[in-house]
Amino acid sequence: MTFDPRKAGLTLAAPLLAIVFAVLVTSIVLAAAGDPVGTVWQTIFTQPRPRNVVNIINAASVLYLSALAAAVGFRMNLFNIGVDGQYRIAAFAAAYVAGEAWMPGKLNVLFSILVAVVVGALWAGIAGLLKVTRGVSEVISTIMLNSIATALVAYFLRQVAEKGSNNIHTTTIPASSQLAGFKLVGDAPNAIYTLSVLAVLAGIFYWLLLNRTVFGFNLRATGMSESAAVASGVSVKKMVVVSMLISGGVAGLIGMPLLFGDAYNYGLTFQTGLGFAGIAVALLGRNHPVGIALAALLFAFLNEQSNSLQLKAGVSNDIVNIMQGVIVLSVVIAYEVVRRYNNAAEQRRVAAQLAASRQAEEVPA
Amino acid sequence: MSSTVEGALEKAATTVRKVRPTWPVVLLALAGVILLLALLRVITGADDVASSGTVRAAIRAALPIGLAGLGGLWAERSGVVNIGLEGMMIMGTFGAGWAGYQWGMWAGVAFALLFGALAGGVHAIATVGFGVDHIVSGVAINVIALGAAQYLAGLAFTGHPGGGPTQSPQVTPMSTFDVPGVADAAHSIAEKNWFFVSDLAGIVNGLTSRLTVLTLIGVLLFVLTWWVLWRTTFGLRVRSVGESPAAAESLGVSVYRYKYIAVIISGALAGLAGAYLVQDSTVYREGQTGGRGYIGLAAMIFGNWRPGGLAAGSGLFGYTDALRLRSGGESVHALLLLLAVLLVVFGLALFRKNRRQALVSAGAAVLLVVLFLVTDEIAGDFTGMTPYLTTLLVLALFSQRLRMPKADGQVYRKGSAG
């Protein structure tokens, strides 16, 4: 593939345009509601303090994992809406195993991560199996599995929690398995989660898988044209199950940085809702490993910076959700417009070339 | 023009479904279900499986799901997948809460319709106008609607009596009424405890007492949807756009216009579903929809993209949800036995065609019976799963017999007909 600067420019222009549009829409909403528009943007777009920078990186790495999990499916038109349930049930299982500490120190961490990956994969695999054996739409089944996961986790949490305590959670993991994190940002009091490296590793894995393996090729081929893939001998059923397993396995990683870096147990206060945010991030980043990273950073930045909105501008930070949603919707619209524009330009170019060559042929005759 | 498309539609329909349910069949099936429930009540002693209270609770649980599903039906019949139903429903709950506490529930209903239609309009612009992937647009609308409702609720309800960022002030609910004559008579027969007859009367009493006008409107909308979509030219055009937009366009139907209309109606219906939730609990509350938009979508798929099937589907989910609320542990426990019987029937029906799957379902039935015998009750967390598990199970059993509109979920560009 040759590098076309005009095309690359258009690809970059789309998300930028979308962000500008989202800022515009959000401003209109703020103004209509009588909230101070200027102060809101000032608060959000100030330079974050070191402590906030660490928070942004931590949140972004988790969002990145969540988005990768969704993206694996998206690349073959498989909509795994169930990342949310998969990561919660996996995080619970890992927290339980880590709390029981069947293995010493760091080995315990590795083992728990493995458990998380397996549990996440199996939970997602249910939806994959239902799709290929019984023809159940994965959109519906993963949504149902989310609710079932919620109930299951609530049930098991009650079983394993200490009786008589109000703060229900799994056994706290032993100090030898807790990870201190990296102090990369100068004078920040907090540290970057050690397991943020999982996000980097998963990103590399995702890129290698899609671009350097036969499986990845088949996956992308199925996503672009299922009938063409079938004709060239791809077993779509197998692809569906395997990609659901991979997607769920990656989803299993989502809770790990938080579990071993900050929470140390799985309780009622464990962060939820990451799965749905990940879907939006994956769409924003166009399922590309670098694009997703940028999108995850943007979302984490917006979330972190909006925390002080209530204090500084007297505005609810829910406004950020509106903005994030508008960004996602307008970015896909922008990509679509750009794609059509490119197609039309390509057609014009080919038509012009054809006309020129025809003329060249006709001249000697 | 319409006869050609109608013919094509009918042909497509008949090749897939061999048996069209007729009235006697439907009535017989209903009687069979009631008989099963009556038997179940006698065998297990779980009185709430067919009480009028359960039926009333079932309707209350089923209607919002059904209305959301009806929204999904309109959109998907025109070829647009609407996973944004949940968000449109959230907009509806906010509209109903906001207008409802100020100007009464009817104003709330009007604003719920309006806000839902607005969200539907956004979905239509994105999917029809710009040709964005339908699921992507729906997910984005869910995010926006949730954020918008939370943000607006914080602004509109804080500082008002009983209101706050997550809850609206009280909305005065609509008054209720009984169907004169029928409700009382049914009630007295239900008290007699006659096998089958009293069960039937209990159900009739549940269906005819303590109704609101909104409930009636909700039920009528199912009939109205069927009539409009399957008995009018307008409906035929909507469906033709969902089956084969190219053919429809070549016959002069404005594909975009019908898709826009259908998706906006879809949003309004989802909004109405939200209004029903607000009327039922007399406040707007954050997280009130609780995934009902998605369940509505599942109910519609279960109902094979038809109003009658959707009504049956949402009734089933409403019923399992109601059982959970009314002596849940015991009732859901009784349901296990019913499920086992159904699985055996399914296994027998499948035995000649697919041995392996028949055996799987028989195995599941045996497991359920064992579970039924060794336990007395189902734990609270598990009864909460019942509607979702039922959805999964039902879809797993019946998905292969379903036929969705042919061009459902596909992006159509004007002029593609050539």
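Residues numbered from 1 in each chain as written. Chains lettered and ligands numbered in written order. Predicted model: local features only at pLDDT ≥ 70, side-chain atom pairs only at ≥ 80, totals over all residues. Heavy atoms only, no water.

- Per an unreviewed UniProt entry, chain B is named Nucleoside ABC transporter membrane protein, and its organism is Nocardioides terrae.
- UniProt lists a comment for chain B under the heading Subcellular location (unreviewed entry), and it reads "Cell membrane". (UniProt positions renumbered as here; feature names shortened; annotations may be inferred.)

- Per an unreviewed UniProt entry, the recorded name for chain A is Simple sugar transport system permease protein, and the organism is Nocardioides terrae.
- What the UniProt record of chain A gives under Subcellular location (unreviewed entry) is the line "Cell membrane".

### A look at the overall build of chain A
In step 1: Helix and strand content of chain A: 15 helices and zero strands.
In step 2: Here the C-alpha coordinates of chain A stretch approximately 95 × 55 × 35 Å along the principal axes.
In step 3: Here chain A holds 365 residues, and 52% of them are scored as buried.
In step 4: Of all intrachain contacts in chain A linking residues separated by at least 6 positions in sequence, the fraction that spans at least 24 positions is 76%.
In step 5: Of the roughly 16800 Å² that chain A leaves accessible, carbon and sulfur atoms contribute 65%.
In step 6: Across chain A, the 23 positively charged side chains and the 15 negatively charged ones have centroids separated by 4 Å. (Helix = DSSP H or I, 4+ residues; strand = E, 2+ residues; numbered from the N terminus. Buried < 20%, exposed > 50% of the residue type's maximum accessible area, 1.4 Å probe, protein only. Contact = heavy atoms within 4.5 Å. Areas by Shrake-Rupley, 256 points an atom, 1.4 Å probe, with all protein chains shown as cover. Lys, Arg positive; Asp, Glu negative; His and termini not counted. Charge placed at Lys NZ, Arg CZ, Asp CG, Glu CD.)

### Comments concerning the overall build of chain B
In step 1: Scanning chain B for helices and strands turns up 18 helices and zero strands.
In step 2: In terms of C-alpha radius of gyration, chain B reaches 22 Å, essentially the compact-globule figure of 22 Å for 418 residues.
In step 3: Structurally, chain B occupies a C-alpha span of about 65 × 60 × 40 Å along its principal axes.
In step 4: Across the 418 residues that make up chain B, the buried fraction comes to 54%.
In step 5: Looking at chain B as shown, the accessible area adds up to about 18000 Å², and 67% of this sits on carbon and sulfur atoms.
In step 6: Charge separation in chain B, taken as the distance between the mean sites of 29 positive and 21 negative side-chain charges, equals 13 Å. (Rg over C-alpha atoms; globule rule 2.2 N^0.38 Å.)

### Points about the interface of chain B and chain A
In step 1: With 41 residues of chain B in contact, the opposing surface of chain A contributes 42 residues.
In step 2: If you look at where chain B meets chain A, you find zero salt bridges.
In step 3: Linking chain B with chain A are three residue pairs in polar contact (both at pLDDT 80 or more), by the criterion used here.
In step 4: Listed by contribution, the elements that provide at least two residues to the side of chain B that touches chain A are helix H5 (105–129), helix H6 (134–157), helix H13 (292–302), helix H17 (380–383) and helix H18 (386–398) of chain B.
In step 5: By residue number, the principal contributor to the side of chain B that touches chain A is H6(B), which donates 12 residues.
In step 6: Across the side of chain B that touches chain A, the residue classes break down as 29 nonpolar, nine polar and three charged. (Salt bridge = Lys/Arg side-chain N within 4 Å of Asp/Glu carboxyl O. Polar contact = N/O pair within 3.5 Å; in protein donor to acceptor, adjacent residues only side chain to side chain. Nonpolar A, V, L, I, M, F, W, Y, C, P; charged D, E, K, R; others polar.)

### Examining the packing of helix H9 (residues 213–231) of chain B against helix H10 (residues 233–243) of chain B
All names here are of chain B.
In step 1: Across the interface, H9 lies against H10 with an axial gap of 5 Å and an inter-helix angle of 75 degrees. Between H9 and H10, the interaxial angle falls into the category roughly perpendicular. In this structure, H9 contributes Val228, Leu229 and Trp230 to the contact, and H10 contributes Phe234, Gly235, Leu236, Val238 and Arg239.
In step 2: Tallied by class, the residues present in the contact of H9 with H10 amount to six nonpolar, one polar and one charged. (Axes fitted to C-alpha atoms, helices over the stretch in contact; angles between N-to-C directions. Parallel < 35°, antiparallel > 145°, perpendicular 65-115°, else oblique.)

### A closer look at the pattern of salt bridges
In step 1: Following the criterion strictly, the structure yields eight salt bridges over all chains and no others.
In step 2: Here A:Arg88 and A:Asp84 are joined by a salt bridge, their closest N and O atoms 3.1 Å apart. Of this pair, A:Arg88 and A:Asp84 are both found in helix H4 (residues 83–100), four residues apart, which corresponds to roughly one turn of the helix. Assigned by exposure class, A:Arg88 and A:Asp84 land together as buried.
In step 3: Put simply, B:Asp280 and B:Arg60 hold a salt bridge, and the shortest N to O gap is 3.1 Å. Residue B:Asp280 is found in helix H12 (residues 255–281), and its partner B:Arg60 is found in helix H3 (residues 52–77); the two are separated by 220 residues along the sequence.

### Regarding the environment of B:Ser209
Residue and element names in this part refer to chain B.
In step 1: Of note, serine 209 is situated in the loop between helix H8 (197–208) and H9.
In step 2: Distance from serine 209 to glutamate 286, taken between C-alpha atoms, is 30 Å for residues 77 residues apart in sequence.
In step 3: In contact with serine 209, not counting residues within four places along its chain, are Arg56, Phe177, Asp178 and Ala183.

### A look at H13(B)
Residues and elements named next belong to chain B.
In step 1: For H13, the buried fraction is high: nine of the 11 residues fall into the buried class.
In step 2: Turning to H13, its buried residues are Gly293, Tyr294, Ile295, Gly296, Leu297, Ala298, Ala299, Met300 and Ile301.
In step 3: Looking one or two residues past H13, asparagine 304 carries a phi angle of roughly 55 degrees, positive in sign.

### Structural notes on the side chain of A:Thr43
Residues and elements named next belong to chain A.
In step 1: Of note, threonine 43 is situated in helix H2 (residues 37–44).
In step 2: Residue classification places threonine 43 among the buried positions, given a relative accessible area of 6%.
In step 3: With sequence-adjacent residues up to four places away left out, threonine 43 is seen in contact with Gln305, Ser308, Leu309, Lys312 and Ala313.

### Overview of a nonpolar patch on the surface
Residue and element names in this part refer to chain B.
In step 1: The grouping of Leu35, Leu36, Leu39, Val42, Ile43, Phe195, Val341, Leu342 and Val345 at the surface amounts to a nonpolar patch, some 770 Å² of accessible area in total.
In step 2: Listing elements by their share of the nonpolar patch, those giving two or more residues are helix H2 (23–44) and helix H15 (328–350).
In step 3: The dominant element in the nonpolar patch, judged by the number of residues it contributes, is H2, at five residues.
In step 4: As for its placement among the helices and strands, valine 345 is situated in helix H15. (Patch = residues over 30% accessible without salt bridge, like charges linked within 9 Å, V, L, I, M, F, W, Y side chains within 5 Å.)

### Section: the packing of helix H3 (residues 50–74) of chain A against helix H7 (residues 197–212) of chain A
Residues and elements named next belong to chain A.
In step 1: Here H3 crosses H7 at 25 degrees, and the two axes come no closer than 9 Å. By the angle between their directions, the pair H3 and H7 is classed as roughly parallel. Crossing of H3 over H7 shows left-handed handedness. Where H3 abuts H7, its residues Ser61, Tyr64, Leu65, Leu68, Ala71 and Val72 lie against Leu198, Ala199, Ala202, Gly203 and Tyr206. (Left-handed = near helix turned anticlockwise from the far one by under 90°.)

### Here we look at the nonpolar core
Soluble globular proteins tend to bury their nonpolar side chains together.
In step 1: By size, the foremost hydrophobic cluster in this structure holds 195 residues, and its most contacted members are A:Met256 and A:Phe260.
In step 2: Per-element tally for this core: the top contributor is helix H15 (residues 319–362) of chain A, with 14 residues.
In step 3: Setting aside chain neighbours within four positions, we find A:Met256 in contact with A:Ala91, A:Ala94, A:Ile113, A:Ala116, A:Leu195, A:Leu198 and A:Gly261.
In step 4: Counting residues in hydrophobic clusters, the runner-up holds 24 residues, among them B:Ala46, B:Tyr319, B:Leu336 and B:Ala365. (Core = buried A, V, L, I, M, F, W, Y, C linked by side-chain atoms within 4.5 Å.)

### A few points about the environment of B:Glu286
All names here are of chain B.
In step 1: Mapped onto the fold, glutamate 286 is located in the loop between H12 and H13.
In step 2: On a C-alpha basis, the gap between glutamate 286 and serine 168 in space is 9.2 Å, while along the polypeptide they are 118 residues apart.
In step 3: The contacts of glutamate 286, once residues within four sequence positions are left out, are Gln150, Pro165 and Thr166.
In step 4: At 3.0 Å, the side chain of glutamate 286 forms a polar contact with the side chain of glutamine 150.

### Brief notes about the packing of aromatic side chains
In step 1: On inspection of all chains with the given rule, the structure shows 20 aromatic pairs over all chains.
In step 2: Sitting over the ring of A:Tyr335, A:Arg286 keeps its end group 3.9 Å from the ring centre. (Phe/Tyr/Trp six-rings, centres within 6.5 Å; stacked < 30°, edge-to-face > 60°. Lys NZ or Arg CZ within 6 Å of the ring centre and 35° of its normal.)

### What about the UniProt feature "transmembrane region" (unreviewed entry) in chain A?
All names here are of chain A.
In step 1: Sites flagged by UniProt as "transmembrane region" (unreviewed entry) map to residues 55–74, 109–130, 139–157, 191–210, 240–260, 266–283, 290–307 and 319–338.
In step 2: Across residues 191–210 one finds 70% helix and 0% strand; the C-alpha atoms that close the span lie 32 Å apart.
In step 3: Here residues 290–307 runs as 94% helix and 0% strand, with 26 Å between its end C-alpha atoms.

### Thoughts on unusual backbone geometry
In step 1: Phi at A:Arg286 takes a positive value of approximately 55 degrees, unusual for a residue other than glycine.
In step 2: Structurally, A:Arg286 can be placed in the loop between helix H12 (274–284) and helix H13 (289–306).
In step 3: Non-glycine residue B:Asn304 carries a positive phi angle of around 55 degrees.
In step 4: With respect to the element layout, B:Asn304 can be found in the loop between H13 and helix H14 (307–325).
In step 5: Among the residues examined, B:Asn304 registers a relative accessible area of 11% and is labelled buried.

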